[in-house]
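Residues per chain are reported as follows:
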2 protein chains.
Amino acid sequence: MRVTILGNNSALPAFGRHPTAQTVTVYGEVLLLDCGEGTQLQMQRYGQKWKNVHHIFISHMHGDHYFGLPGLVNSMSLLGRTAPLNIYAPAGLEPILDLILRSANTELKYPLHFHRLSGEGGRLVESPTFSVDFFPVEHGIECYGFLVETKTRGRRILPEKCKEYNIPVEHFEELKDGNDFVAPDGAIIKNAWVTAEGPEPKRYAYCTDTLFTERFLPLIQGVDMIYHESTYLEEDEDKAIARFHSTATQAAELARMANAKHLLLGHFSSKYKELEPFREQAARIFPNVTVSVEGVAYDL
Amino acid sequence: MRVTILGNNSALPAFGRHPTAQTVTVYGEVLLLDCGEGTQLQMQRYGQKWKNVHHIFISHMHGDHYFGLPGLVNSMSLLGRTAPLNIYAPAGLEPILDLILRSANTELKYPLHFHRLSGEGGRLVESPTFSVDFFPVEHGIECYGFLVETKTRGRRILPEKCKEYNIPVEHFEELKDGNDFVAPDGAIIKNAWVTAEGPEPKRYAYCTDTLFTERFLPLIQGVDMIYHESTYLEEDEDKAIARFHSTATQAAELARMANAKHLLLGHFSSKYKELEPFREQAARIFPNVTVSVEGVAYDL
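Residues numbered from 1 in each chain as written. Chains lettered and ligands numbered in written order. Predicted model: local features only at pLDDT ≥ 70, side-chain atom pairs only at ≥ 80, totals over all residues.

### A short note on the overall build of chain A
Alright, step 1. Scanning chain A from N- to C-terminus turns up 10 helices and 18 strands.
Alright, step 2. Viewed in the frame of its principal axes, chain A has a C-alpha envelope of about 75 × 55 × 35 Å.
Alright, step 3. Looking at chain A residue by residue over its 300 residues, the buried ones come to 45%.
Alright, step 4. Relative to all contacts within chain A whose residues are 6 or more apart in sequence, the contacts with residues 24 or more apart total 63%. (Helix = DSSP H or I, 4+ residues; strand = E, 2+ residues; numbered from the N terminus. Buried ≥ 20, exposed ≤ 12 C-beta atoms within 10 Å, placed from the backbone. Contact = placed C-beta atoms within 7 Å.)

What follows is the structure in structure tokens.
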């Protein structure tokens, strides 16, 4: 699993930083989390292929998290997309998109499926290789976090070894499931001879925008990486609370309580040019912390 | 009058070119013509001050001409704007903006006045120093061009000369109107001694997106500069017609028929990387042609 940051600033673009958007790549599938203004350009800039995007998740209806969506939806159609696109967002987004398309007489060249987020959360996507869940966070208006989880694809095939034992490709799925192979002459090829431990499943939690809250802690316990907003530094905690945001220190506290392996900070207020203080303040509580940088990919 | 190009590409951003937006600066006032996605960033990049913008004109409801507007409207509020903002656009835009603001519980910190464009055109803004008119163009959906006209501010004061004749500042307006000054001792200071010819009024026509059409020719006769879309080259004229766009040749033909002084080309299809052929094709018909470049300001 790989997280690529396309925008890590809060509402006002500043210091070359863009509004929120990021991709999570899982086995070739590109999930888009939020879609601030300019996301289609950021995707071009950082080599994120639109055609591999089939699921877009919008956390909430503040514009810095979705104003890039209408343009992306249009561009996909102009480029001749035919594959369905799924959008998961609060109910308010659907009528806006509808009006935008209608007022331009636009008929998209692909099916757009809108999935309304509401209530206490649950599973949004279930595929053979990954799943996505959503959960409520606390941001003054309806707002959700997302949990992306890869599944193990079973044991890992060792192609050279399989060749050595003359195992045909069509038996690889059985090998992945852990079964031995019985050769035509009755010889048993032990699974462990031709496979290795498969990749560990990974879990990534995306929590922005939100006040410091423990309400979703059980769901994200032990995640490999958590992206948590840190709009403000500790000294501006009063602003963070007033505006339903968090500080770097609070993000670190949550990562610690969640027993996360890695904390990625983002959604920085445009009042800060220098971001190193975010790392410093968070690291006091949670050492394995990274200040996200646009265009950089973080592997889990 | 100065035109600064913020985006000169058609719908799909490509080759570093952005969707349509440009500013027209007249006596310190910044008029924004169209507002494609990323306009607020382009304005930052090219030093166009948001606080000097009081009028935004949207030609039509294709997203590449207004998807940057919601973000700009929000950002102005976040930056504490209190001055009213006027938006002139087809009727379809107002309910979209309303829904966007409502779904985010946003109350703008400044008054936003929406002016619906419809019918055969007319005057939108009348100020002591400039005016803006709109007129229908032909683009499949309701679409308008704009005509910006500066007014002469009368004769130009020569401060050194006025000092020499001891003329107090409070009499400058009379001098601008062409009147002589009568000194306290009865001496008559001739207007021509202390003023010079004022700046010529200038006229700028903005015509995008549109088929080649003569319908607005009378209105733009003799303009100092015309910005006319040239989405396609001559060899793609069939595409231009099918999609309600123009070729470089047609733009030049229109500039010639309008007796314009200068033609500025823009709204290039993303299929073209090199733009020099646009200039070449247009120059055969209308020599004083310029291929617009983002970030460049063109003086009238």
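### Topic: the environment of Phe-244 of chain A
Residue and element names in this part refer to chain A.
Alright, step 1. Position of Phe-244 among the secondary structure elements: in the loop between helix H8 (237-242) and helix H9 (248-257).
Alright, step 2. Sequence separation of Phe-244 and Thr-231 is 13 residues, and the distance between their C-alpha atoms is 9.7 Å.
Alright, step 3. Other than its neighbours up to four places away in sequence, Phe-244 contacts Glu-138, His-139, Gly-140, Asp-209 and Leu-211.

### Quick look at the relation of the copies chain B and chain A
Alright, step 1. The two copies are related by a screw motion: chain B maps onto chain A through a turn of 180° and a shift of 0.0 Å along the axis, at an RMSD of 0.1 Å. On the angle and the small slide along the axis, the relation comes out as a two-fold axis.
Alright, step 2. Both copies share a contact surface, since 100% of the interface residues of chain B are interface residues in chain A too. (Least-squares fit on C-alpha atoms with pLDDT ≥ 70 in both.)

### Looking at the pairing of strand E14 (residues 203-207) of chain B
Residue and element names in this part refer to chain B.
Alright, step 1. Summarising burial for E14: 5 of the 5 residues are buried, a large majority.
Alright, step 2. Of the two faces of E14, the one holding Arg-203, Ala-205 and Cys-207 and the one holding Tyr-204 and Tyr-206 are both buried throughout.
Alright, step 3. Bridging between strand E9 (residues 144-150) and E14 involves 4 bridges; their strand directions are antiparallel. Among the inter-strand pairings, Phe-146 is bridged to a residue of E14, identified as Tyr-206.
Alright, step 4. Here E14 runs beside strand E15 (residues 225-229); their pairing, made up of 4 bridges, is parallel. Note that in E15 the partner of Cys-207 across the bridge is His-228. (Pairing = 2+ DSSP bridges.)

### Things to note about the sheet that holds strand E1 (residues 2-7) of chain A
All names here are of chain A.
Alright, step 1. With respect to topology, 7 strands assemble into an open sheet ordered E6-E5-E4-E3-E2-E1-E18, the strand pairing being mixed. Only two strands of the sheet have a single partner each, and these edge strands are strand E6 (112-117) and strand E18 (297-299). Taken pair by pair, the neighbouring strands of this sheet meet at an average axis angle of 20°, ignoring direction.
Alright, step 2. The pairing of strand E2 (residues 21-26) with strand E3 (residues 29-35) spans 6 bridges and is classified as antiparallel. For Gln-22, the partnering residue across the bridge sits in E3 and is Leu-33. (Axes fitted to C-alpha atoms, helices over the stretch in contact; angles between N-to-C directions.)

### What about the sheet that holds strand E14 (residues 203-207) of chain A?
All names here are of chain A.
Alright, step 1. Spatially, E7-E8-E9-E14-E15-E16-E17 is the arrangement adopted by the 7 strands of the open sheet, whose pairing is mixed. Of all the strands in the sheet, just strand E7 (122-126) and strand E17 (289-291) have a single pairing partner and so form its edges. Neighbour to neighbour, the strand axes of the sheet diverge by 20° on average, direction disregarded.
Alright, step 2. Against the sheet, helix H10 (residues 276-283) contacts strand E16 (263-266) and E17, and its axis sits at roughly 165° relative to E17.

### With respect to the domain arrangement of chain A
Alright, step 1. Segmenting chain A into domains produces domain 1 (2-153 + 199-299) and domain 2 (156-196).
Alright, step 2. Averaged C-alpha coordinates put domain 1 of chain A and domain 2 of chain A at centres separated by 41 Å. (Domains from an automatic or database assignment.)

### Thoughts on unusual backbone geometry
Alright, step 1. With an omega dihedral of -5°, the bond running from Thr-208 of chain A to Asp-209 of chain A counts as a cis peptide bond.
Alright, step 2. Structurally, the position occupied by Asp-209 of chain A is in the loop between E14 and helix H7 (217-220).
Alright, step 3. Of note in this structure, Asp-34 of chain A is not a glycine but carries a positive phi near 60°.
Alright, step 4. Considering the arrangement of structural elements, one finds Asp-34 of chain A in strand E3.
Alright, step 5. Located in the positive-phi region is Asn-105 of chain B, a residue other than glycine, with phi close to 55°.

### Overview of the packing of helix H3 (residues 93-103) of chain A against helix H3 (residues 93-103) of chain B
Alright, step 1. The contact between H3 of chain A and H3 of chain B brings their axes to 10 Å, and the two run at 165°. With respect to their mutual orientation, H3 of chain A and H3 of chain B come out roughly antiparallel. Where H3 of chain A crosses over H3 of chain B, the two elements pack in a sense that is left-handed. Facing Pro-95, Ile-96, Leu-99, Ile-100 and Ser-103 of chain A of H3 of chain A, the residues of H3 of chain B in contact are Pro-95, Ile-96, Leu-99, Ile-100 and Ser-103 of chain B.
Alright, step 2. Along the lines of polarity and charge, the residues of the contact of H3 of chain A with H3 of chain B split into 8 nonpolar, 2 polar and no charged. (Parallel < 35°, antiparallel > 145°, perpendicular 65-115°, else oblique. Left-handed = near helix turned anticlockwise from the far one by under 90°. Nonpolar A, V, L, I, M, F, W, Y, C, P; charged D, E, K, R; others polar.)

### Side note on the interface of chain B and chain A
Alright, step 1. Between chain B and chain A, the residue contacts involve 26 residues of the former and 26 residues of the latter.
Alright, step 2. Among the secondary structure elements, those contributing two or more residues to the side of chain B that touches chain A are helix H1 (39-45), helix H2 (69-78) and H3 of chain B.
Alright, step 3. Looking at the side of chain B that touches chain A, its residues break down into 14 nonpolar, 11 polar and 1 charged.

### Examining the confidence of the model for chain A
Alright, step 1. Across chain A, pLDDT averages 96, with 100% of residues at or above 70.
Alright, step 2. On the interface metric, ipTM, the complex scores 0.89, and its pTM is 0.90. (pLDDT = per-residue confidence, 0-100.)

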